[in-house]
Amino acid sequence: MADLWSLIILNPMLNGLIALSNVLFSSFGLAIIALTIIVRVILLPLTMRQLNSTKAMQSMQPKIQELQKKYAKNKEKLQQEMMKLYKEAGINPLGCIWPMLVQFPVWIALYQSIMRALATTPENLLDLSYHLYSWQVVSQAFPLSSQFLWLNLGGHGDFILAIIVGATMWVQQKMTTAPSLDPRQQSTSSMMLLMMPLMFAMFTMMFPSGLALFWAVSNVIGIGVQYFITGSWGYLRSSPAAQPAPAGGSKLAQRKSQASPKIK
Amino acid sequence: MPGGTQPAQGWSGTVAEDGVLYVGSMDGRVTAVNSSTRNLEWSYTIASPSGGASCGQTSIPAAIYSTPAVDGDLVYIGTYNGEVLALSTSARSQELPFPQIGSGEWLYPRTKFEAIGGIVGSLTIDENAIYVASSNGRVYSLDKEFGDLNWESDVLSEKLWTSPVVEGNVVYVSTFDGHIYTLSTETGKKLPWTFESDVGFVSSPVLYTNTIFVGSFDCYLYAVKVGGDKPLWKFPGGRWFWAAPVIRDGIVYAGCLDGKVYAIEADSGDELWEFDTGSPIVSSPVLMDDLLVVASESGDVYVFDTSAKPEDKQLIPVKAISIDALIRGSLCAHEGMVYIRTQDNCLYALDIEKGGISWELPLTIKQES
């Protein structure tokens, strides 16, 4: 299984990353940025599908909350009514999950490629040799320079990079996290909104900064993609008290929202 | 570990001196074993401080890649946490606190402000000094007797994971970014001749009759005449020539990560014979008279009679010995035996004449509870 993973996904991505660094002025930092962009562009249709699905789900929130109030004491009925609502609106509640699942292996491969290419220990360099193609563009890329801007891509990330990773992740999450009228739910989502960026900021200080560079670039692209799809900064500017409606939602979401029936 | 990467564990080789084997273990110890009795003469643990979120400071065993070097009563070793130690065999036998300055022991760097990068290559010793290449890209010369810094070179590369070679008054260093530098043993300053290649050099250099032999990232073994600006020849392998070759009587024996061992004419670069072990060759081969001993990473050790005539450029090994462990450390040939420290932290003694394992000794010491 591990061999198959290496053969089909990891090795092509790893060699692509190393070849890119050769083409991009022997800069491994630029190669990480370029490959992250390439992968995100390839996965764009899936990302758009996931975002649209999420937006459509969020547009249903007022109606779902109405249902939750109405059937607070009858969970079974609530489930039935919610499914009916989704069905009438033409939304699959799991629709935002499967594009995410499909993307996972690619992100893992990209992550592994960066870690392997950085070869921070002699064992890793030796192991790297077993994954390389005998392409000239690959062999000529060595040694990969771990210096990029102020960063040592093979060393632990610093405070500035940690702030960049944390901040971009917070912005990306904030854009899509709908405020809730339920104080408990709001408290949970507010905590999550802080926890994830804080965790990744901490990871930045613990892992090679090449990986943190990938996170930062990926976050920035994610923000750009969301802005492009929704046409706005989403929930970034809305206060928790505001109604959980999409700020300038996508055409698909708006269309689905209009198409959804009123709850009697 | 993230991304399936591996932590630094080390692959120290073994050295034999006066019937005692010295080896760096996987748990950060330098161990002396009597080669006849297999008795543990002494063992010293090198630990490196480890910060972390826990209360107080803990220490973890240092990874050791370099093979110990012995000179008189002292055993020299370099570690991946950037330390060079001179251990006195008499002081270590008595388990005295390190360093026993009266016994000639020392530690470099003296303070954390003088810290150098991790040491992966082996130390090179001449009459007066020890030369060590560091992961910070510099070469250091230390006084052999007191461990004082003689000089440190300019930064030659982003990192140096190879062993320097010293001949006469010149230190030869190959770098990952494709240079072979020559430095003065007196001052550490660069000498006029530097060889520059389009591709980086992955193996440590070997100097033979004024020619440097070194493996590169483009899967070639290069032969470079000292003073020349172009390679004398380059020989293609299927993968990197990771291990430094051994050379005798005008023939270069080079193990390659493609699993093959190649015999190449040193003058012309013509292939004489090859043999496919089926597994990458990470350790440098060793020569015992006419016998060439090659170990593959998967644990198979092959013995070749170099005086035998190859057939159709193929030489069949006269003996094969199988060890059930990974082999990455350098081999040590001594009095008809070959000693190998494997990646399962065992020391193996192979009887080359009989073609089998003579004994094996686990190097891991169980902590008493």
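Being a predicted model, the structure only gives us computed values, none of them experimental. (Residues numbered from 1 in each chain as written. Chains lettered and ligands numbered in written order. Predicted model: local features only at pLDDT ≥ 70, side-chain atom pairs only at ≥ 80, totals over all residues. Heavy atoms only, no water.)

A separate point is the overall build of chain A. When you go through chain A residue by residue, the secondary structure sums to 12 helices and two strands. Along chain A, helices and strands appear, N-terminal first, in the series α-α-α-α-α-α-α-α-β-β-α-α-α-α. Within chain A, counting contacts between residues at least 6 apart in sequence, those at least 24 apart form 76% of the total. Within the structure as shown, chain A displays about 13,400 Å² of accessible surface, and the carbon and sulfur contribution to it stands at 67%. (Helix = DSSP H or I, 4+ residues; strand = E, 2+ residues; numbered from the N terminus. Contact = heavy atoms within 4.5 Å. Areas by Shrake-Rupley, 256 points an atom, 1.4 Å probe, with all protein chains shown as cover.)

This part takes up the packing of aromatic side chains. Under the criterion given, the structure shown has 30 aromatic pairs over all chains. Seen in terms of ring centroids, Phe 142 of chain A and Trp 240 of chain B are 5.5 Å apart; in terms of plane orientation they differ by 80°. Their pairing is edge-to-face. With one member in each of two chains, Phe 142 of chain A in the loop between helix 8 (136-139) and strand 1 (147-148) and Trp 240 of chain B in the loop between strand 22 (233-236) and strand 23 (246-248) form a pair that bridges those chains. Each member of the pair Phe 142 of chain A and Trp 240 of chain B is classed as buried. Relative to Trp 106 of chain B, the ring of Tyr 76 of chain B has its centre 5.9 Å away and its plane inclined at 45°; by these criteria the two rings are tilted. Linking Tyr 76 of chain B in strand 8 (residues 74-78) with Trp 106 of chain B in strand 10 (residues 106-108), this pair joins segments that are 30 residues apart in sequence. (Phe/Tyr/Trp six-rings, centres within 6.5 Å; stacked < 30°, edge-to-face > 60°. Buried < 20%, exposed > 50% of the residue type's maximum accessible area, 1.4 Å probe, protein only.)

Another aspect to go through is the sheet that holds strand 17 (residues 179-184) of chain B. Residue and element names in this part refer to chain B. An order of 15-16-17-18 is seen for the four strands of this open sheet, with the pairing classed as antiparallel. Of all the strands in the sheet, just strand 15 (165-167) and strand 18 (190-196) have a single pairing partner and so form its edges. In this sheet, neighbouring strand axes are inclined to one another by 20° on average, regardless of whether the strands run parallel or antiparallel. (Pairing = 2+ DSSP bridges. Axes fitted to C-alpha atoms, helices over the stretch in contact; angles between N-to-C directions.)

This part covers the pairing of strand 4 (residues 40-45) of chain B. Within a regular beta strand, the side chains point alternately toward one face of the sheet and then the other, so they alternate between its two faces. Residue and element names in this part refer to chain B. In the sheet, strand 3 (residues 29-34) pairs with strand 4 via five bridges, with the strands oriented antiparallel. Bridge pairing in strand 4 places Thr 31 opposite Ser 43. Between strand 3 and strand 4, which pair antiparallel and follow one another directly, the connecting turn spans five residues, one of which, Arg 38, has a positive phi of 65°.

Residue and element names in this part refer to chain B. With respect to the helices, strands and loops of the structure, Gln 100 is situated in the loop between helix 1 (89-93) and strand 10. When its relative accessible area of 23% is taken as the criterion, Gln 100 is described as partly exposed. With 193 residues separating them in the primary sequence, Gln 100 and Val 293 have C-alpha atoms 38 Å apart. Contact partners of Gln 100, with chain neighbours within four places excluded, come to Ala 91, Arg 92 and Glu 105.

Each partner contributes to the interface: chain A provides 25 residues, whereas chain B provides 30 residues. The contact between chain A and chain B buries some 2,300 Å² in all, and 62% of this surface belongs to carbon and sulfur atoms. Taken together, the links from chain A to chain B amount to zero salt bridges. Applying the counting rule to chain A against chain B returns nine residue pairs in polar contact (both at pLDDT 80 or more). Here the side of chain A that touches chain B takes seven residues from helix 7 (residues 122-129) of chain A, the largest share from any one element. (Buried area = accessible area lost by both parts, 1.4 Å probe. Salt bridge = Lys/Arg side-chain N within 4 Å of Asp/Glu carboxyl O. Polar contact = N/O pair within 3.5 Å; in protein donor to acceptor, adjacent residues only side chain to side chain.)

With that settled, the discussion passes to the side chain of Glu 274 of chain B. All names here are of chain B. Tracing the backbone shows Glu 274 in strand 26 (residues 271-276). Side-chain polar atoms of Glu 274 contact the side chain of Lys 260, separated by 3.2 Å. Filtering out sequence-adjacent residues up to four positions away, Glu 274 remains in contact with Lys 260, Val 261, Tyr 262, Lys 313, Gln 314 and Leu 315.

Before going further, it helps to examine the sheet that holds strand 8 of chain B. Residue and element names in this part refer to chain B. An order of 7-8-9-10 is seen for the four strands of this open sheet, with the pairing classed as antiparallel. One side of each edge strand has no neighbouring strand; the edge strands of this open sheet are strand 7 (69-71) and strand 10. With direction set aside, neighbouring strand axes in the sheet form an average angle of 20°. Of the strand pairs in this sheet, strand 7 and strand 8 are connected by three bridges, and their pairing is antiparallel. Within strand 8, the residue paired with Val 70 across the bridge is Val 75.

To continue, consider the confidence of the model for chain A. All names here are of chain A. Residues at a pLDDT of 70 or more form 85% of chain A, whose mean pLDDT is 79. Taken element by element, chain A is modelled with least confidence in helix 12 (residues 251-259), mean pLDDT 43, and with most confidence in helix 7, mean pLDDT 92. Considering only residues more than four positions removed or in separate chains, one finds that residues 241-264, a stretch of pLDDT under 50, has 48 contacts. (pLDDT = per-residue confidence, 0-100.)

Attention now goes to the confidence of the model for chain B. All names here are of chain B. Per-residue confidence for chain B gives a mean pLDDT of 92; residues scoring 70 or more make up 95%. No element of chain B has a lower mean pLDDT than strand 5 (residues 47-50), which averages 70, and none a higher one than strand 25 (residues 260-265), which averages 98. Across the interface, the model reports ipTM at 0.91; the global pTM reads 0.82.

With that settled, the discussion passes to the pattern of salt bridges. Summed over all chains, the structure comprises nine salt bridges over all chains. With its nearest N and O atoms 2.5 Å apart, the salt bridge here joins Asp 127 of chain A to Arg 116 of chain A. Of this pair, Asp 127 of chain A sits in helix 7 while Arg 116 of chain A sits in helix 6 (residues 98-118), placing them 11 residues apart in sequence. Assessed through its relative accessible area of 12%, Arg 116 of chain A is described here as buried. Across the pair Arg 29 of chain B and Asp 27 of chain B runs a salt bridge whose closest N-O atoms are separated by 3.1 Å. Under the relative-accessibility criterion, Arg 29 of chain B is labelled buried at 5%.

Along the chain, Thr 121 of chain A falls in the loop between helix 6 and helix 7. According to the relative accessible area criterion, Thr 121 of chain A is buried, its value standing at 9%. If we ignore the near neighbours within four places in the chain, the residues touching Thr 121 of chain A are Gln 6, Pro 7, Ala 8, Tyr 80 and Trp 161 of chain B.

Before going further, it helps to spend a moment on the nonpolar core. Soluble, globular proteins show a tendency: their nonpolar side chains are buried together. Grouped together as the largest cluster of nonpolar side chains are 57 residues, with contacts concentrated most on Ile 18, Phe 28 and Phe 142 of chain A together with Trp 240 and Trp 242 of chain B. Counting residues per element, the ones that place at least two in this core are helix 1 (2-23), helix 2 (28-42), helix 6, helix 7, helix 9 (159-176) and helix 11 (209-230) of chain A. If we skip the residues at most four places from it in the chain, Trp 240 of chain B touches Leu 125, Ser 129, Leu 132 and Phe 142 of chain A together with Val 202, Ser 216, Phe 217, Cys 219, Cys 256 and Leu 257 of chain B. Counting 17 residues, the second-largest nonpolar core is a separate cluster that includes Val 286, Ile 321, Val 338 and Ile 352 of chain B. (Core = buried A, V, L, I, M, F, W, Y, C linked by side-chain atoms within 4.5 Å.)

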